[in-house]
Structures are given as C-alpha cells and as structure tokens.
Amino acid sequence: MNFDFSDDQKLLQEQARKFLTDKCSRKLVRSVLDNNNNQYSKELWQQVVDMGWTATAIPEEYGGLGLGMLELCVIAEELGRSLAPIPFSSSIYIFAEFLKAYGSDEQKKQYLPKIASGEFIGSFAFPETKGSPRANNLNSKVENNKLSGKKLPVSDGQVADVLIVAANSDNNQNHNSLSLYIVETNQDGVKEKLLDTLDPTRPSSEIEFNDASCSPLGEKGEGWSMIENILNRAAVLFAFEQVGGAQVALDEAKKYSIERYAFGKPIGSFQALKHKMADMYVKNELAKSNAYYGAWALSTDSMELPVAAAGARVSATDAFHYASKENIQIHGGVGFTWEYDCHLFYRRSKLLSLNLGSIRKWKENLISNLEKRNIT
Amino acid sequence: MDFNDNQKEADFRVKVREFLDKNAKKRASSKSTSANAAAPETLRGKEAQIKALQDAKIWQAKKAEAGFAGILWPKEFGGLGGTPIEQVIYQQEELNYFVHSGYFEIGIGMLGPTMMVWGKDEDKVKYLPKMLNGEEIWCQLFSEPSAGSDLAGIKMKAEKDGDEWVLNGQKVWTSGAHFADYGMIVARSDPSALKHKGLTYFFLDMKTPGIEVKPIEQISGSSNFNEVFFNDVRIPDSQRLGNEGDGWKVSLTTLMNERLAVGDPAGLDFDEIFEITRDLEVEDGLAINNSEVRQKMADWYVQSRGLKYTKYRSITALSKGQTPGPELSISKLVTASKMQDVSSYALDLMDMGGYVLDEQNAILNNVFQNGLLFSTAMRIAGGTDEVLRNIIAERVLGLPQDTREDKIKPFNELPSGK
Ligand SMILES: Cc1cc2nc3c(=O)[nH]c(=O)nc-3n(C[C@H](O)[C@H](O)[C@H](O)COP(=O)(O)OP(=O)(O)OC[C@H]3O[C@@H](n4cnc5c(N)ncnc54)[C@H](O)[C@@H]3O)c2cc1C
C-alpha cells in the first residue's frame, strides 16, 4: 500500500509553500480585496506562470509539462492555504480539463499552449439564474453558430480571454439540448460586467452574449455529462484548496487562543475552545484523507472518480466551513473586523463551497453514484 | 499512489489466508453479515457466554501455534517478531472469518507489552506464552468508583508488610474479571505523596484469597465487566512491576498500548444502514429515495471512508518504516458517535417497529438495536469522547493545559467528591 504523495511531489509541495509564503502575503491578498478594479493579482499570476504551475498537467505536445494530476493536487492545497487571488482554478482545473477531455486536436493546439504559458486565462460560463442550473432555467442558445444569452455568475469572467459556455443547441431545452461551446471574449458580441460577490478576492462577472462567434466543444447534446465529468475532476482539486484553507484557519485559531488571555489565562486553555479545535482537527483529517482518495481516483482515471470526488468534496466543504466559522468565534470581536484575516477564510470557504455546486447537491451526487455502483 | 501490497506483504497475506481458510469459517461477502454475528460481549445468557469463551480459547490456541496471535511480540514469548504492517494485514483478513479474539486483546495488546517492559525475565517466560495462546486470560484492574478518566486519582490501598503487599479497596468496570486468571493493578502506596507519585503497579493471581468479583449488569442486560473487591489481599513483592512509587509511569506503558489494542469493532457503519434504506419504506416511498435520508447517508459515508483512508495513510507510513502521525487519534472518537447516530437513525426509519429487540423480528437481526445500546459504552471506554478531545487539543495541537491543583498538592489534601 502506498497511500501518500511521492518524495518528488512532497518536495514540490515544500517549494510551493515557501514560494507562496514569500510571494502571496496577506497584504497581496488584501490588495485585491480592497481595490475593486484589481480583479486578480497580475504580479502573482505571472510568478505562478513562471514557476510552470499553469503548465503542470497539460501534455507536453500542447506546451505543458506533462506531469500528473497529483502534482496539481499538491499545488491546489498550497493555493488554498495562501488564499491566492488568481484565476488558477477557472483556467486550469476547469477550462484546461474541458479542453484536455473533449477538445479536438486543433482546439487543443489552439488553446492549451496559451493556457499553459499564461497568455490566456480560461473559464467556464454555466449558471444563469439565482438558483441551481437546470435544463429548464438555462436559456442561452446557439443558432447558426452564434451564441446569445446571459450567464451569471461566471468566475473570473472579467479577466477570461476564452470561455467554455454551456448553451442549448436546439429549441427543446431538455436534457439532450445542452452543448458546450468555446467562445473568445475579445469580440463585439461579448460584454462583461463585474459583480459584487461574497469573496472579492476571487471575483465573478455577469456576461452577456449577443450573436457571439463560438465553436462547439465535444459532442452536441452531451453538455450535461461532459459538465458532470469535469466538475468531478475539479471537485478533487477544489477539495485540496479547501483542505489547505481549513488547516490554516485551525492554525490561526490555535495561535490566537494561546496569545489571547481572559480570566487570567490563555483562552486556549478553556475546554470549550479546546474541544472546538479538536473537532476542527477531526474534520480536517477526515477531509484530507477523503481528498487523498479523490486524488488517487483522479490520477488513475478510476471508475471510482464520481464517488471519490463527491466524498472529497463533501468532506472538505464541511471541514472548511466549520474551521472558518469557528475561527471567527474563537477570535471574538476582532474576528468580525475587516482588519483581522478571519473573514478572508470565511468568505473563501463559502465561495469554494458554492462554486462547483452546494454541499447538498454533492451529497446527492455521492449517494446516487453509490447506488449506480451498487447496481453494476 | 496505489493500494497494492509489496512483494513481502503479498506473501504474508497469502500465508494468512491459507491459515484462515484451513482453520476458520469464512463469512459471506456482504458486510452486513459480519454485523449479524453478535459480538460475544452482547450475548445474553450464561451458557451462550461460556460456549463463546471456550470457542475463542480453541481458536486462540490455533492462532498462537501458527504465530499469528502475537505478530508484534518477540519470538521468545511465542510471537512472530513481525511488523505493524503485518499485524494490519492479519486483522484485515481475519475480519472476513467467523472468529473472535476479543477476550485476549487487553492481555496481548496492553498487559503483555507492559510486562515485557517492566517484568523480570523469569516472569516473562512463565506468563507471556500462556497469555498469548489463550490458556490464561488477563484483566486490567485500573478504574475505581472514584477514578476513571482521572486514573491517577485511585484510592486502592497498597501497604507494605515485610516481603508482601496488602491490598484493600475496590476496582470497578473490570472487563473479563469474572473469567480472568490474572490481573494487573495499580494501587496507592503513599497517600501523602503527590497524586502521580504515590502509586505502585502489580500483577496478581485472580484466585488470591480476599478477591471478590461481582459482575455488573450492563445496559444491554449482559455482564462483561465487574466490581472487584479487595479485602486484605496479600501478594509478594516479587509481583511488583517497576519501583515503588513508579506506578503511574508503568500505567502509561499500558495506556500507550491501549490505542493500538482497541481495534475497530466489526459492523454497524454506513454499509449496514445503506442496506436497510433500500428495503424500508417511509412516507414517500423507499427510504433511500427520500432526500433527507440521502443527505444523512452522505455524512456517514464520508466519516466512514474518511476514517478508512486515514488508516491507509498510517499504514503507508508504517510500511515505509516511519512512525505514523497523530491522525489515528481521531478514530474511536468518530467511530463511537457515528455508530450511535447510525443506530438511532436506523431505528427511526423502522418507526413503530424500531424498538423490537428480539432477533427473529428485528431487521438485520437486531444490530441497530444492539448498536444503540453498545455505542454508549464505546463513547466511554478506553477514554471518553471528552478526554479524547482533550488529548487531541493538548498533545496533538499543543494547546495549553488547564491549571491543575492536583499536580501540586499531596494526594490526601485534594478534594474528592462522589
Ligand atoms: C464497556 C466498558 C469496559 C471497561 N473496561 C475496563 C477495564 O477492563 N478496566 C478498567 O480499568 N476500566 C474499564 N472501563 C472503565 C473506563 O476506563 C472508564 O469508565 C472511563 O475511563 C471513564 O471513567 P468514569 O467511568 O469514571 O467516568 P468519569 O471519569 O467520572 O467521567 C464522567 C464524565 O465526566 C467527563 N470528564 C471527566 N474528566 C473530564 C475532563 N478532564 N474534561 C472533560 N470532561 C471530563 C467524562 O468525559 C464523562 O463524560 C470500562 C468501561 C466501559 C464502559
């Protein structure tokens, strides 16, 4: 049995942690938080590109490094720890994975090298309404190769050079109508508007398409199943970001509770707080172990992926939510201030948990995939 | 990452399987079957219990002969001198068979290792092989009416009289004392010393005059633990383990091994409740189609598998020859509450039929009804939930200890309540 990352992967993790401690300070995270026009840290993005991280899991023939998904998991955990304000997940976990899985050779040649080199940022435009995306509330449509419709919210939409857009390819608007399209944003038919969101360190936009040029990705009418597959893959990577964030939230709660005194002693000696932190530790360890299993399934293209991804996602979402909210509680009043960093984790936790669909939806995915596995 | 054995591990697994196939009955593949076989601890009726003990002794002898009873034990005491990973492999395989070694776990897992560290050579040779092959069963006489979580608070009196010690007082919750041949005991030899300094540790024959064992009836109606009364019980000084006053240190050796010894109890987990949700109906059809049920099931699944994969992480460290991290400290804490919650929810799904306990009429025999009762013990024995959280907070996370008067005042000046 070898249920651990390799020595090389651990070395990568060590380097990544050092690098981000140095380059992705809280000050840098806050520069994006405090400035509405600063939609991501261009400086950090460029450095991450220079490190080769954007190229990690892209095949060599398309300008990548051709390393595996495990390396990407390692990087994800570190990006999660540092709250990195860059469009890495949109471009790499989602856009690049769509292209790798469903792009034609020509499409891969056209986009993957640019994604790997950081020249292009990619993202995914899926929901359109306030609720959960479903066949009957997705109205975007492609007619005569022209896309029209409005998407909201689109992560990193304002900075994306190219998008995968989910839109109907016929008038039926049923389960077999949804298809995927590649759309470049630098054209007249695409208009972006930045949205106010819970986590301004990872902004989102509303995007309107008016007869925009687009090219189909993958099989027509297969939109839902392609999305499901890529969201499963992304769920594992998101889980690593969440695990990273949850660990730092616990570390910061612990540190504060040792330094802060009340009633003549460090608040960390009060059992009510100790037990909270013990519970954080329990949830974090469970999440980490479930994420490892997801990493294994992702890296081996296992049939287990849907179950493993949902398990990782549910566990990591639960852990980060708990750690980030109780971290505020352990800080008391200062935990509610803009000045202290607690809210950065609280915001990021909720953002990550909603980005790929809520925990209740992933619990449902988990059970329905277990049922499927039981039948086969 | 992979889940495969290396060559040495694979060879060992083959040997284990050969042994088990030849000597034990295999369970059907469905996991629920394992839950069906009630652990002997939950058997009711004296005869059933005696029979279960006899069967276990016969099995233990075979296991010891093949070397699998003490995989981690040195060869000189009948062990295999094996590795932790081999121990894990054996446990994984044994779970697939109808055998029970629970009676011997406290001895082999905790008390034997204590004797190995603190005992005299002639005693090790005399007692350890018979402890291993099930011929002699040992019990752990630690807890008292006034001291459980706070073990160092025990009051059992140990007074030196020439070459002998005289024990007076009471132990409680002693699992297996009613059939045990020997016991290990910690007692207070100096009440005027600090709480942790005035203790001394011994082993003794349970037939020594003056010992009286009274079974305690448990929640489940069966009796596996006991009150044990000591009335001028005389034991020779040669049965002391460690120096006079070093009892706490010796106890820690025993307790350190407890976490390793207390394995996961078989059965009653996500898989069992998943199975019944596909049979039972609730107001809107099959339970498994109800969205509230599905949400809860997902929580238990990630706890269950999260623990399993946590164990895999530790096994990986072991198989690389490294010491596992503290991650396994979460195991009993999560398992016990999960078992209680799963049991309780399963009974809710059974609704008005949920409280029927008799095996013929209860769903999946009566694992959930028994689980509801037994899980309460799991949350207490071997460190309560609260004590385990304290341990995680203080030893794993490094949070400050509470200020404790009992560390700075002599024992006989400390307040004691009920
Ligand atoms: C099935 C079973 C088998 C057992 N077998 C044996 C055996 O073979 N040998 C043996 O010696 N003992 C045995 N025990 C005893 C067991 O070790 C004790 O019951 C356990 O340590 C708890 O002690 P207690 O019962 O005195 O409860 P207490 O220590 O009085 O605890 C009562 C409550 O107070 C809480 N509490 C106590 N201290 C703290 C603290 N510092 N912080 C927060 N909360 C605290 C506890 O968590 C618990 O909720 C067994 C118990 C059970 C249930």
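Residues numbered from 1 in each chain as written. Chains lettered and ligands numbered in written order. Predicted model: local features only at pLDDT ≥ 70, side-chain atom pairs only at ≥ 80, totals over all residues. Heavy atoms only, no water.

## Quick word on the overall build of chain A
We apply this condition: Each helix corresponds to a stretch of at least 4 residues labelled H or I by DSSP, and each strand to a stretch of at least 2 residues labelled E; elements are numbered beginning at the N terminus. Each radius of gyration reported is based on C-alpha atoms, and the globular scaling rule is 2.2 Å times the count of residues to the power 0.38. Relative accessibility thresholds used throughout: buried, under 20% of the residue-type maximum; exposed, over 50%; partly exposed, between the two (1.4 Å probe, protein chains only). Surface accessibility in these figures is a Shrake-Rupley result with a 1.4 Å probe; residues are shielded only by whichever protein chains are displayed.
Of regular secondary structure, chain A possesses eleven helices and ten strands. The C-alpha atoms of chain A give 21 Å as radius of gyration, which agrees with the globular expectation for 376 residues (21 Å, within 12%). Reported as C-alpha extents along the three principal axes, the dimensions of chain A are approximately 75 × 50 × 40 Å. Put simply, chain A has 376 residues, and 60% of those count as buried. As displayed, chain A has an accessible area near 15,300 Å², and 48% of this comes from carbon and sulfur atoms.

## Description of the site of the ligand
We count it as follows: Put simply, a residue is near a molecule or strand once any heavy atom of it comes within 4 Å of that molecule or strand. Contacts described as polar in this section are N or O atom pairs within 3.5 Å, which, within protein, must combine one atom able to donate a hydrogen with one able to accept it, while residues neighboring in sequence count only if both atoms come from side chains. Side-chain classes are defined by residue name, with Ala, Val, Leu, Ile, Met, Phe, Trp, Tyr, Cys and Pro counting as nonpolar, Asp, Glu, Lys and Arg as charged, and the others, Gly among them, as polar.
Around the ligand, 16 residues are found, and the nearest of them are B:Ser149, B:Trp173, B:Ser175, B:Thr384 and B:Glu386. Residues near the ligand are shared among chains A and B, making this a multi-chain site. Interatomic distance of 3.4 Å between a backbone N/O atom of B:Gly148 and an oxygen atom of the ligand. Note that a nitrogen atom of the ligand is positioned 3.2 Å from one of the side-chain N or O atoms of B:Asn390. Take the shell around the ligand: its biggest share by element is three residues, from strand 3 (residues 164–175) of chain B. Residue composition of the shell around the ligand, by class: six nonpolar, nine polar and one charged.

## Some words on the packing of aromatic side chains
Operational definition: Any pair of Phe, Tyr and Trp rings, taking the six-membered ring for Trp, is counted once the centres come within 6.5 Å. Such a pair is stacked with planes under 30 degrees apart, edge-to-face with planes over 60 apart, and tilted for the rest. Two thresholds decide whether a charge sits over a ring: the Lys NZ or Arg CZ must be within 6 Å of the ring centre and within 35 degrees of the ring normal.
If you walk through the whole model with that rule in mind, you get 42 aromatic pairs over all chains. A ring pair is formed by A:Phe126 and A:Trp224, whose centres lie 5.8 Å apart and whose planes are at 70°; its orientation type is edge-to-face. Separated by 98 residues along the polypeptide, A:Phe126 in the loop between strand 1 (122–125) and strand 2 (141–143) and A:Trp224 in helix 7 (residues 223–259) bring together distant segments of the chain. By relative accessible area, A:Trp224 is classed as buried at 15%. In this structure an aromatic cluster arises from ring pairing among A:Phe3, A:Phe5, A:Phe240, A:Tyr292, A:Tyr293, A:Trp296, B:Phe3, B:Tyr309 and B:Tyr312. A cation over an aromatic ring shows up here: A:Lys283 above the ring of A:Tyr322, its NZ or CZ 5.4 Å from the ring centre. For the cation-ring pair, B:Arg313 lies above A:Tyr292, with the distance from its terminal atom to the ring centre recorded as 5.5 Å.

## Brief notes about the interface of chain B and chain A
Here is the rule: Any two residues whose heavy atoms approach within 4.5 Å are treated as being in contact. Salt bridges are defined by distance alone: a side-chain nitrogen of Lys or Arg within 4 Å of a carboxyl oxygen of Asp or Glu.
Each side of the interface is counted separately: chain B has 50 residues, and chain A has 46 residues. Taken together, the links from chain B to chain A amount to eight salt bridges. When the shortest N-O distance is used, the salt bridge between B:Asp402 and A:Lys265 registers 3.4 Å. Secondary structure elements with two or more residues in the side of chain B that touches chain A: helix 8 (270–277), helix 9 (291–319), helix 10 (331–350) and helix 12 (385–396) of chain B. Residues of the side of chain B that touches chain A, tallied by class, amount to 22 nonpolar, 14 polar and 14 charged.

## Points about the packing of helix 3 (residues 46–65) of chain B against helix 5 (residues 102–118) of chain B
Packed helices, taken two at a time, are described by their axes: the angle between them and the distance between them. All names here are of chain B. The following threshold applies: Where helices are involved, their axes are fitted lines through C-alpha atoms of the stretch in contact, as for all axes, and angles between N-to-C directions lie from 0 to 180°. Here roughly perpendicular refers to angles of 65 to 115 degrees, roughly parallel to angles under 35, roughly antiparallel to angles over 145, and oblique to all remaining angles.
Viewed as axis vectors pointing N to C, helix 3 and helix 5 meet at an angle of 55°, and their least axial separation amounts to 9 Å. In this view, helix 3 runs oblique relative to helix 5, as classed from their interaxial angle. Taken together, the residues of helix 5 that come into contact with helix 3 (itself represented by Gln49, Ala52, Leu53, Ala56, Lys57 and Gln60) are Tyr103, Phe104 and Ile108. In the contact of helix 3 with helix 5, the residues fall into six nonpolar, two polar and one charged.

## Observations regarding helix 7 of chain A
The following threshold applies: What a helix should span is 1.5 Å times the count of its residues minus one.
If you check helix 7 of chain A, its first and last C-alpha atoms are 52 Å apart, about what 37 residues at 1.5 Å a residue would give, namely 54 Å. With 28 of 37 residues buried, helix 7 of chain A is to be regarded as a mostly interior element.

## A few points about the domain arrangement of chain B
Just so we agree on the cut-off: Boundaries of every domain are those given by an automatic assignment or by a domain database.
On domain assignment, one finds that chain B holds domain 1 (7–100), domain 2 (138–249) and domain 3 (270–383). On a C-alpha basis, the centres of domain 1 of chain B and domain 3 of chain B stand 23 Å from each other.

## Description of the pairing of strand 4 (residues 162–168) of chain A
Each regular strand displays side chains that alternate between the two surfaces of the sheet. All names here are of chain A. Quick reminder of the rule: The pairing criterion for strands is at least two bridges between them, as found by DSSP.
Counting buried residues along strand 4, seven of its seven residues qualify, which places the element largely inside the surrounding structure. Residue alternation in strand 4 divides its side chains into two sets, Val162, Ile164, Ala166 and Asn168 and Leu163, Val165 and Ala167, and both sets are buried. As paired strands, strand 1 and strand 4 are joined by four bridges and run parallel to one another. Its bridge partner being in strand 4, Phe124 is matched across the sheet by Ile164. Judged from the seven bridges that link them, strand 4 and strand 5 (residues 178–184) form a sheet pairing that is antiparallel. Along strand 5, the bridge assignment pairs Val165 with Tyr181.

## As for the nonpolar core
Counted only if it meets this: By convention a nonpolar core is built from buried Ala, Val, Leu, Ile, Met, Phe, Trp, Tyr and Cys residues, the set being connected through side-chain atoms within 4.5 Å.
A:Trp53, A:Phe88, A:Tyr93, A:Phe98 and B:Phe368 are the most contacted members of the largest nonpolar core, which totals 167 residues. Ranked by residue count, the leading element in this core is helix 7 of chain A, at 19 residues. Not counting residues within four places of it along the chain, the set of residues in contact with A:Tyr93 comprises A:Ala76, A:Leu79, A:Phe88, A:Ile230, A:Ala234, A:Leu237, A:Phe238 and A:Glu241. Counting residues in each nonpolar core, the second largest holds 50 residues, with B:Leu167, B:Ile185, B:Phe202 and B:Phe203 among its members.

## Side note on a negative patch on the surface
Residue and element names in this part refer to chain B. For clarity, the cut-off: Patches were defined on residues exceeding 30% relative accessible area and lacking a salt bridge, with like-charge contacts within 9 Å and nonpolar side-chain contacts (Val, Leu, Ile, Met, Phe, Trp, Tyr) within 5 Å. This count recognises Lys and Arg as positive and Asp and Glu as negative, with His and chain-terminal groups excluded. In this description, the location of a charge corresponds to atom NZ of lysine, CZ of arginine, CG of aspartate or CD of glutamate.
Taken together, the side chains of Glu283, Asp284, Glu292, Asp348 and Asp351 present a region of like negative charge at the surface. Residue placement: Glu283 occurs in the loop between strand 9 (281–282) and strand 10 (285–286). Judged by relative accessible area, Glu283 falls into the exposed class, the value being 71%.

## Re the pattern of salt bridges
This model, assessed by the stated rule, comprises 46 salt bridges over all chains. For the salt bridge of B:Asp121 with B:Lys124, the shortest nitrogen-to-oxygen distance reads 3.6 Å. Of this pair, B:Asp121 and B:Lys124 are both found in helix 6 (residues 121–132), three residues apart, which corresponds to roughly one turn of the helix. Overall, the relative accessible area of 56% leaves B:Asp121 in the exposed class. For the salt bridge of B:Asp150 with B:Lys195, the shortest nitrogen-to-oxygen distance reads 2.9 Å. Taken together, the residues B:Asp150 in the loop between strand 1 (138–141) and strand 2 (157–161) and B:Lys195 in the loop between strand 4 (182–188) and strand 5 (199–205) connect sequence positions 45 residues apart. Given a relative accessible area of 37%, B:Asp150 falls into the partly exposed group. What you see here is one network of salt bridges that share partners, running through A:Arg26, A:Arg30, A:Glu252 and A:Asp341.

## A word on the domain arrangement of chain A
It is common to report an interface's size as the accessible area lost on association of the parts. Residue and element names in this part refer to chain A. Under the convention used in this document: What gets called buried area is simply the loss in accessible area from a 1.4 Å probe that two parts show on being joined, summed for both.
Taken domain by domain, chain A holds domain 1 (7–89), domain 2 (123–220) and domain 3 (224–375). On a C-alpha basis, the centroid separation for the pair domain 1 and domain 2 is 26 Å. The interface of domain 1 with domain 2 comprises eleven residues on the first partner and eight residues on the second. Between domain 1 and domain 2, the buried area comes to about 770 Å², and carbon and sulfur atoms account for 63% of it. Counting the surface domain 1 buries against domain 2, the share from its top three residues, Leu33, Gln39 and Pro87, is 54%. At the junction of domain 1 with domain 2, the criterion picks out zero salt bridges. Across the contact surface, domain 1 and domain 2 share two residue pairs in polar contact (both at pLDDT 80 or more). The element best represented in the side of domain 1 that touches domain 2 is helix 2 (residues 26–34), accounting for three residues. Looking at the side of domain 1 that touches domain 2 residue by residue, the class counts come to eight nonpolar, three polar and no charged.

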